[in-house]
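Topology and contacts: notes
Letter by letter, the chains look like this.
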Amino acid sequence: MATKMPARERRTPIQDSSDGVSRRRFIEAAGAIGAAAALSPFIMPRRASAAAKTLKILQWNHFVPGYDKWFDGTYVKEWGAKNDTEVIVDHVGIPALATRAAAEVSAQQGHDLFMFLSPPPAYEEQVIDHREIYDECIRKHGKPVDLAVRSTFNPKTKKYFAFSDSYVPDPVNYRKDLWDDVGMTPSTWDDIRVGGRKIKEKHNIPVGVGLSAELDTAMAVRALLFSFGGSEQDEQGNIVLNSKNTLEAVKFARALYQEAMTPQVMAWDASSNNRAMLAGQVSLALNAISITREGENKNIPGTDNIWLAKAAAGPVRRIGLEHVMDCYVIWKFAANIEGAKKFLIDYIDNFHTGFMASEFYNFPCFAATVPDLQQQIAKDSKARPADKYKVLGDVLDWATNVGYPGYANAAIDEIFNTWVINTMFAKAASGADTPENAIKEAEAQCKRIVQKWRAKGLV
Amino acid sequence: MRAPAARHGPTLLDDERWLGRLLLAPAILYIVLLVGFPFAIGLYYSVSDATVGTRTLHFVGLDNFRLALENATFWQSLRNAVVFTLVSQAFVVVLGKILAMALYRDFRGKWLVRFLILLPWVAPISLGSIGWLWIFDPVYSIINWMARGLGLLAPNAWPIWLGQPDLAMASVIMVNVWRLLPLATVIILGGLCSIPQDIHDAAAMDGAGFWRHLFLINIPLVMPIMLVALLFGIVFTFTDMIVIYVLTRGGPYDTTQVIASLAFFTGIQGGDLAGGAAIALFLFPVLVAVAILFLTLARRAEVT
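Here we summarise the structure given alongside this text. Model, not experiment: these values are computed from the prediction.

Cut-offs and rules
- Residues numbered from 1 in each chain as written.
- Chains lettered and ligands numbered in written order.
- Predicted model: local features only at pLDDT ≥ 70, side-chain atom pairs only at ≥ 80, totals over all residues.
- Heavy atoms only, no water.
- 1 Å grid on protein atoms, 1.4 Å probe; cavity = no way out; pocket = protein on both sides within 12 Å on 5 of 7 lines; lining within 4 Å.
- Points joined across faces, edges and corners; volume = space filled by probe spheres on them.
- Helix = DSSP H or I, 4+ residues; strand = E, 2+ residues; numbered from the N terminus.
- Nonpolar A, V, L, I, M, F, W, Y, C, P; charged D, E, K, R; others polar.
- Domains from an automatic or database assignment.
- Contact = heavy atoms within 4.5 Å.
- Buried area = accessible area lost by both parts, 1.4 Å probe.
- Salt bridge = Lys/Arg side-chain N within 4 Å of Asp/Glu carboxyl O.
- Polar contact = N/O pair within 3.5 Å; in protein donor to acceptor, adjacent residues only side chain to side chain.
- Buried < 20%, exposed > 50% of the residue type's maximum accessible area, 1.4 Å probe, protein only.
- Pairing = 2+ DSSP bridges.

Space inside the largest pocket adds up to approximately 1100 Å³. Gly93, Ile94 and Pro95 of chain A together with Tyr245 and Gln269 of chain B are the residues nearest the centre of the largest pocket, which is lined by 42 residues in total. For the lining of the largest pocket, the elements supplying multiple residues, two or more each, are helix 4 (96-107) and helix 17 (410-417) of chain A together with helix 5 (125-135), helix 10 (242-247) and helix 11 (259-269) of chain B. Counting residues per element, the lining of the largest pocket draws most heavily on helix 5 of chain B, at four residues. By residue class, the composition of the lining of the largest pocket is 27 nonpolar, nine polar and six charged. Formed jointly, the lining of the largest pocket draws a minimum of three residues from each of two domains, domain 1 (53-168 + 325-377) and domain 2 (169-323 + 390-455) of chain A. Taken as a whole, the second largest pocket encloses approximately 810 Å³ of empty space. Taken together, 21 residues form the lining of the second largest pocket, with Val35, Pro38, Phe39, Gly42 and Ala280 of chain B sitting closest to its centre. Only helix 1 (16-46), helix 11, helix 12 (273-281) and helix 13 (283-301) of chain B provide two or more residues apiece to the lining of the second largest pocket. For the lining of the second largest pocket, the element with the highest residue contribution is helix 1 of chain B, accounting for eight residues. When its residues are assigned to classes, the lining of the second largest pocket shows 18 nonpolar, three polar and no charged.

Dropping the structure here:
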């Protein structure tokens, strides 16, 4: 049986040692080092900045690396020198944008300019009214495209909760060789189903329209929904998802999936369709021009066979989404609000260079800033054929905003970012649920979300 | 010759009682600041109308909990979380025990094996998960290409690991087991090492074989510490969203959505902080009950 020592006796006596480091001295020293480390940012002299002001910008890692090179390496440096401002640009990946924005608002500090890739109406209370920037740009360059207004304006509060400099078209990317082989062109959704099935049967290469929880799918399924006459909301913001048109769209998606696709589209992330298309694994995808640009810039074999088409027409209309909507916001708590406003206005003045640096990825929200857009996209030095991008010339005739036919608002934003519509289409397409049930469940979720945001006064 | 050190009078640091409190203080401060404070904020948010964009909050009672309970996705996420946790932990405990027994013996290169086994635990979860994302990629899956190369796949067979509900759940479970196995192994190995050698010697003298040794000596004596390993595993798995977020984002069509990921998508991506907090808080009573149950069982299983 073990004998327990009294607690007092088990303690090791503390002794001062003259030839070693005592515990007390060790703790004192460690404490002093810790305190010094913690206080050093406050007591150490900071390197003086040469510029009088600072402007901090956060934005994504652009899909076209050349754009970031121009923006960070050339444009902001020149602008900073002209405006006696040190401009700091931080880049994050797409998934980090939402968390960074929430963190900055929570801390009430961060960047002066924050760029979202889709409308951010949930942050309306935290941002300045961007009307003044729009007004100045309108004075200089004329009206912005309707897409920009519908993505950044809240008709209920009459506030511009963001400023959109550009949008990204979302055309159909297709393998011309395969589609020629079956004697078809993907002009309508039914063409995609029929031609896609023929190609799959003949070449074992499926269609690649995403049905996953990610951005590209969110755009693709909305394009399908809108072209069949369905939508999440009407112009007044009432949820109207459960309609005959939506049912037709969902039934069509099920037929398309079962006839011409494989389960790989259920597993995709935002860049999967790029990889699949460039690897020659799918015959068609809905994406920005990042697929062809990546193929051209990296000399990937087969890129010349990837052609672009307008958004596919459904039974009701030909319509697609913007692929990305650049939305800059200036936080109310930003340290340099005036500098941020000036930066945006000047950026629009120089947008032609930005359009060229993005290799036609970013289209102007102020069309007058790129007066030669049609000529530029009709003759591109990298594309084979050179007029590959000409099809984007009338993009505004077939591209619309998230929230169509109404405005983007906080409820639509939550529906978009929690993948309610993606899940509805995926469930029905895979046969996990009937189209009717999938729609009913999605509509219940939409109504719950709208009810919440309506109570908050933002919808 | 060194001068004799100056003598100091007794200070608080010389008092064992105060020294103990001082040394415990950082841990307590850490828990209060990084666990207690966010938890209190979570409670506050869950009964408010907090969004990512609002600073003024209003009390809304239990509305957020009601909305969560009315949401079919919530119930599906709860079921998924239970399956994800239980199946993962069953594998972790069995494999952890086997690995611990293997590492208990001496063999050449044991340190290297231990290092390799510990690697998934010390590597950042997100980094490891991204590696797995490529392993499961629908086009480039190394598993599929190897299986095809070895003639294990039929000509038209090509499993889509993250695109088919059962395979997707199996994939996220596999990654979670890979991640948590080192921790369980180390904990169980610690338990095995604490069994006095004379017990093993006595069993050997009595002629106990491998299975009798395993079931009558090893497992009963290691049981309390295995239960602690299991408790850690359950808590880590039930509250984790990184593996799901990186690999499937809850898909295909919510079949791998768990409570933690749903809370994130609702609260941060969807902007409804209050709704996200309410969903996340459903984890709390479940985990408290599990912790009480396992700690009670562990205490009862102690061999004195």
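Next up on the list: the interface of chain A and chain B. Each partner contributes residues to the interface: chain A has 51 residues there, and chain B has 48 residues. In total, about 4300 Å² of surface goes out of reach between chain A and chain B, with carbon and sulfur atoms giving 56% of it. Counting the contacts that link chain A with chain B gives two salt bridges. Note that Arg275 of chain A and Asp137 of chain B form a salt bridge whose closest N and O atoms lie 3.1 Å from each other. Taken together, the connections running from chain A to chain B amount to twelve residue pairs in polar contact (both at pLDDT 80 or more). The set of elements that each furnish at least two residues to the side of chain A that touches chain B consists of helix 2 (23-43), helix 4, helix 11 (272-278), helix 17, helix 18 (420-430) and helix 19 (435-455) of chain A. Of the residues that constitute the side of chain A that touches chain B, the class distribution is 19 nonpolar, 15 polar and 17 charged.

Before going further, it helps to examine the pairing of strand 6 (residues 166-169) of chain A. A regular strand places its side chains so that they alternate between the two faces of the sheet. Residues and elements named next belong to chain A. On strand 6, burial covers both faces: Ser166 and Val168 on one face and Tyr167 and Pro169 on the other are all buried. Both strand 6 and strand 12 (residues 363-364) contribute to a ladder of two bridges, which runs antiparallel. Looking across to strand 12, one finds that Ser166 is bridged to Pro364. Two strands pair when backbone bridges link them, and strand 6 and strand 10 (residues 320-325) are joined in this way by three bridges, in the antiparallel orientation. Bridging from a neighbouring strand, Val168 pairs with Val324 of strand 10.

All names here are of chain A. Inspection of every chain in the model, using the stated rule, returns 31 salt bridges over all chains. Here Glu132 and Lys341 are joined by a salt bridge, their closest N and O atoms 2.9 Å apart. Separated by 209 residues along the polypeptide, Glu132 in helix 5 (residues 131-141) and Lys341 in helix 13 (residues 337-349) bring together distant segments of the chain. For the salt bridge of Glu338 with Lys341, the shortest nitrogen-to-oxygen distance reads 3.4 Å. Placement of the pair is Glu338 and Lys341 together in helix 13, with a separation of three residues, close to one helical turn. Taking the relative accessible area as the measure of exposure, Glu338 reaches 53% and is therefore exposed. Each of Asp190, Arg193, Arg197, Glu201 and Glu259 takes part in salt bridges that share partners, so that together they form one network.

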